[in-house]
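Each chain, letter by letter, is given below.
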Amino acid sequence: MVWTGTWVAERLGVELVGDEELTALLGLALRRNPKRAHLLVSSVLGKHVPQHPSVVYGSGLGLGLRVRELLGADEAENAVVLGYAETATALGHAVADGLGSAPYLHSTRRPVAGVTTAGGFEESHSHATSHLLLPEDPELLAGKGPLVLVDDEFSTGNTVLNTIRGLHERYPRDRYVVVALVDMRAPADRDRLTGFAAEIGARVDLISLAAGTVGLPDGVLEKGQELVARHEPAGGTAPAPRSRGGYAAVATPVRVDLDWPAELPDGGRHGFTPAHRARLEAALPAMTDALTEALAVGTADPAPAPGAAPHTPRAPRVLVLGFEELMYAPLRLAGALEDAGLDVRYSTTTRSPVLAVDDPGYAIRTRLVFPAHDTPADGPGERYAYNVAGGGYDAVVAVVDSAADTPELHAPEGLLAQLAAHIPHVVLAVVPSYAPQTREAVEPVVPSAPHPQAAVEPVAETESEATGSSVVIGSEAPERSSMLPEPLRGPAFSSYAPEEVGWLLQDLSDVELEAPTEEREEAIQSGGAHYAESLPVEYQPSDRYQELFHSALEATAARIAHAVGIVTETVLAEKSDRPGPPVLVSLARAGTPVGVLMRRWAHRRHGLELPHYAVSIVRGRGIDANALRWLAAHHDPADVVFVDGWTGKGAITRELAAALRESEEFAGFDPEIAVLADPGSCVRVYGTREDFLIPSACLNSTVSGLISRTVLRSDLVGADDFHGAKFYRELAGADVSNTFLDAVEARFDEVADTVDRDVKDLLAGDRTPTWEGWAAVERISEEYGIHDVNLVKPGVGETTRVLLRRVPWKILARRGAGADLAHVRLLAEQRGVPVEEVDGLPYTCVGLIHPQYTRGATGADGKAVASR
């Protein structure tokens, strides 16, 4: 395959030197620009070269994950991401997504009436230099956490360094991270970054996919301009060659109503938070359906001619074309279409004037030229779409914001007409331009004791001696007030899709919390430590045990689906008088897979999108109060339904009720818990009261989104923090979290009729808890000389957790229990724990923890002894 920089390299002597990935990431083209002749053309940015949306988004997401790893969990939680218009707006979004909890802002060249400029800068080498910073929240850039700056390439570093210099004068911080797809700085530029960091007294790191330098021979600018003049037709606006031989009649574009969520920003021009991303994720399926329906018109393969051999149908080839700075929303729509099975590419229109040469060794093969259609502040001018004509597309989805849905867009020479001349089916999707809630202009209130950030200061400007470019910083915002962070979401935290659950936790993935099981048990029982202050070493099952999990899942999926349906329908019935949908709040982590399944049932059976969060509750310490405060600030507490996997003796049920009862602040929350299985008869809302194997109890994090159990330790969790947990990214190869969910969801339709019938009977019956499980535990505790109900773990789920995470003494099994205990017997065999068959047990099994554990309570081989 010919490198797409060959044509320029051979004619100008330009060369890329560095990592071997460079030529796969970059091609070369020639600019129509008096300041720089060559253009590095990214193959993974989605700007000039149409690319699979999964590749474009994945490149930025991966960089964000690397930033998170570099910063560590604590610093990542406080980071803010700043992207550069226009090429890096979606890249910056994706980096922020990878970080997980970082708000995002990108610079813009579009002034917005009523929005105060928080800053701006000039880009010295660009054809259009003025950048503005227009955050809706004036405190967005005022925090002390790391600032992550994202651009598509880092060529000299001038723009980024001048941006940091200007912002640092107003909002000093200790750390900056610069992110780019490629780092192409010369050695002198690299040295300048080191000196600059020392000058401002901050750490500045850089992360990229590849690094190298651009070799430029003497006189390359003049030679490049001469080459452009030789190949550019007079006027410089030659139309691209018509695809498919041209069209006799240009079809009218089809307009599709996306039903974009109200008040959801169309991008990061004024700020974009993880909560915004979650709303977008929730809305994507419906918008994808609307696009798919619009694309179905006119994109089907033509029928074979009479007498011709039948042909194999092919998926239509679709281009999703974004618009200048509007890159992220089109990218996510393109990704959703790709996930739906379409053959999709993604790129965007641009302001950049680039020479087009139809040669396989040149990065820009074709060019469409059309007038600007968003009434730009710098006046009318040409805009471009590269490598669109001649791409063999059956359809194109042009995505613009409402500010760009103007007569110029629909004019005979406008973008839609240019697209229709080359692609047979054109779909127009318009996203509402987000209008921030502007603050009324008022005189600043100056407190009696002056504060350096209390008054609005005049605009300040700093000049860069190195480049002549300038940075303009607007009115200074106050420091960010103390506030709880947005929920963590996958894939940055957990292997669940971001819309499935928001984790009201802090990420402690970089903290060493694991301790050997025996040491933990001794510390817990001696009173030297609480069980929530450390984590057990993650148990990794043997091949035999994993086979047992999969066979158990196959055998019980329908039974679990039925229980999911029952508990979800019960919740919906009991909340039917509420104006809004129930808000599911699962108790991490056993409750979280159940919450995800309940959310899926509500969507599949009723078309409902139930919000779902996971919070921490710790026996003896209560539920995370800060998580409740976040929920109360974002939802009506009366809509919240707490969700757990199962009940044992009901300890967590009592813990939640006590915590809510003791605080008037949380009086609006209902302490009742909805569970999948309630063998202890501890709750009113349940899917079943049978004690059977729920395969999600068989494993640890690898069936729970790769999330650890929650952690509450005073040196890690402050008064204003969420409880913590770890994300075991390194266990991704063994993860079956979504396998479990998908297997159960696949049985929803099969059990739907039975659920409809059974839930009516359940709602009409008496569901009053009898607490017979608690009584049984108290009896067992005394019969076996334990004298501590916390060391008696009833039910299949709790017994499994004892075998996985504690030091078990013995297992009591109901005589005659069959397949539901196969995994328990296997774990007990592997750990040398005796299984005692008993009659009259109200549970299928009960796990007993050694009542006076020390490491001397095990034999020489480390296995538990049978008695004291």
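Given the structure is predicted, the values throughout are model-derived calculations rather than measurements. Counting from 1, residues in each chain are numbered in the order their sequence is written. Since the coordinates come from a predicted model, pLDDT governs what is reported: local features require at least 70, and pairs of side-chain atoms require 80 or more to be given and counted, while whole-chain, interface and lining totals use all residues. The side-chain figures draw on all heavy atoms in the structure; neither hydrogens nor water molecules are used.

**Observations regarding the overall build of the chain**
The secondary structure content of the chain amounts to 22 helices and 35 strands. Note on exposure labels: buried denotes an accessible area under 20% of the residue type's maximum, exposed denotes more than 50%, and partly exposed covers the range between, all computed with a 1.4 Å probe on protein chains only. With 868 residues in all, the chain has 59% of them scored as buried. Only the protein chains shown count as covering a residue, and every accessible area follows the Shrake-Rupley method with a 1.4 Å probe. On the chain, roughly 33,600 Å² of surface is accessible, and the fraction owed to carbon and sulfur atoms is 51%. Per the convention used, a helix needs a DSSP run of H or I reaching at least four residues, while a strand needs a run of E reaching at least two, with both numbered from the N terminus.

**Some thoughts on the sheet that holds strand β32 (residues 792-794)**
Strand pairing is assigned whenever DSSP detects at least two bridges linking the two strands. As summarised here, the arrangement of the 4 strands in space is β32-β35-β33-β34, forming an open sheet in which the pairing is mixed. Either end of the sheet is taken by a strand with one partner, and the two such strands are β32 and β34 (835-838). Direction aside, neighbouring strands of the sheet carry axes that sit 20 degrees apart on average. As paired strands, strand β33 (residues 808-814) and strand β35 (residues 845-849) are joined by 5 bridges and run antiparallel to one another. By the bridge assignment for β35, Lys810 is matched with Leu848. Contacts are residue-level and defined by heavy atoms, with any inter-residue pair within 4.5 Å sufficient. Orientation is described by axes fitted as lines to C-alpha atoms, over the contacting stretch for helices, and by angles from 0 to 180 degrees between their N-to-C directions. Contacts from helix α20 (residues 772-783) reach β32, β33 and β35 within the one sheet, and its direction differs from that of β32 by about 140 degrees.

**Quick look at a negative patch on the surface**
To count toward a patch, a residue needs a relative accessible area over 30% and no salt bridge; like charges are then connected within 9 Å, while nonpolar side chains (Val, Leu, Ile, Met, Phe, Trp, Tyr) are connected within 5 Å. The rule for a salt bridge is simple: a side-chain nitrogen of Lys or Arg has to be within 4 Å of a carboxyl oxygen of Asp or Glu. Residues counted as positive are Lys and Arg, residues counted as negative are Asp and Glu, and His and the chain ends are not counted. Working definition for charges: the position is that of NZ of Lys, CZ of Arg, CG of Asp or CD of Glu. A cluster of like negative charges, contributed by Glu69, Asp74, Asp510, Asp720 and Asp721, occupies part of the molecular surface. Note on placement: Asp721 falls in the loop between β30 (685-688) and β31 (724-725).

**Focus: the sheet that holds strand β11 (residues 254-256)**
Within a sheet, adjacent strands bond to each other through the backbone by hydrogen bonds, running parallel or antiparallel. Spatially, the 5 strands line up as an open sheet ordered β11-β17-β16-β12-β13, and their pairing is parallel. In the strand order of this sheet, the two ends are held by β11 and β13 (343-349), each with one partner. Taken over all neighbouring pairs, the strand axes of this sheet differ in orientation by 25 degrees on average, direction set aside. In terms of strand pairing, β11 meets strand β17 (residues 425-431) through 3 bridges, oriented parallel. Directly across from Val254, in β17, lies its bridge partner Val427. Here helix α10 (residues 328-339) sits on the sheet and contacts β12 (317-323), β13 and β16 (395-401); the angle it forms with β13, its principal contact strand, is near 170 degrees.

**Remarks on the pairing of β35**
Looking along a regular strand, one sees side chains alternate from face to face of the sheet. When you tally the buried positions in β35, you get 5 out of 5 residues, the bulk of the element. The pairing of β32 with β35 spans 3 bridges and is antiparallel. Its bridge partner being in β35, Lys793 is matched across the sheet by Gly847.

**Focus on the environment of Pro53**
Within the secondary structure layout, Pro53 lies in helix α3 (residues 53-71). Residue classification places Pro53 among the buried residues on the basis of a relative accessible area of 1%. Separated by 292 residues in sequence, Pro53 and Arg345 have C-alpha atoms that sit 6.2 Å apart. Those residues in contact with Pro53 that sit more than four places away from it in its chain are Gly58, Leu331, Ala334, Gly335, Glu338, Val344, Arg345 and Tyr346.

**Some words on the nonpolar core**
For our purposes a nonpolar core is just a set of buried Ala, Val, Leu, Ile, Met, Phe, Trp, Tyr and Cys residues, chained together by side-chain atoms within 4.5 Å. With 135 residues, the main nonpolar core has Leu30, Leu99, Val148, Tyr362, Val397 and Leu419 as its most contacted residues. Of all the elements, helix α9 (residues 274-295) adds the most residues to this core, at 8 residues. Here Val148 is in contact with Val67, Ala79, Val80, Val81, Leu82, Val95, Leu99, Val177 and Val179, once residues within four sequence places are set aside. Membership of the second largest hydrophobic core comes to 104 residues, among which are Val585, Leu610, Val641 and Trp646.

**Brief notes about the packing of aromatic side chains**
Only rings of Phe, Tyr and Trp enter the pairing, Trp through its six-membered ring, and a pair is recorded when the two centres are within 6.5 Å. The plane angle decides the type: under 30 degrees is stacked, over 60 is edge-to-face, the rest tilted. One pass over the structure, following the stated rule, counts 10 aromatic pairs. Taken together, the ring pairs connect Phe493, Tyr496, Trp503 and Phe727 into an aromatic cluster. Placement of a charge over a ring requires the Lys NZ or Arg CZ to be within 6 Å of the ring centre, with the centre-to-atom vector within 35 degrees of the ring normal. Above the plane of the ring of Trp809 lies Lys810, whose end atom (NZ or CZ) is 4.7 Å from the centre.

**Thoughts on the pattern of salt bridges**
This structure, assessed with the given rule, holds 47 salt bridges. Here Arg383 ties to Glu324 by a salt bridge, and the two come within 2.9 Å at their closest N and O atoms. Here Arg383 is found in strand β15 (residues 382-386), whereas its partner Glu324 is found in the loop between β12 and α10, with 59 residues between them in sequence. We classify Arg383 as buried; its relative accessible area is 5%.

**Some words on the packing of helix α14 (residues 543-574) against helix α15 (residues 591-606)**
Closest axis-to-axis distance for the α14/α15 pair is 9 Å, and the angle between their directions is 75 degrees. It follows from the interaxial angle that α14 and α15 lie roughly perpendicular. Two secondary-structure elements touch here, α14 through Ala561, Val564, Gly565, Val567, Thr568, Glu569, Val571 and Leu572 and α15 through Leu597, Met598, Trp601, Ala602, Arg605 and His606. For the contact of α14 with α15, the per-class residue count stands at 9 nonpolar, 3 polar and 2 charged. Any angle between 65 and 115 degrees counts as roughly perpendicular, while under 35 counts as roughly parallel, over 145 as roughly antiparallel, and the rest as oblique. The classification used treats Ala, Val, Leu, Ile, Met, Phe, Trp, Tyr, Cys and Pro as nonpolar, Asp, Glu, Lys and Arg as charged, and all other residues, Gly among them, as polar.

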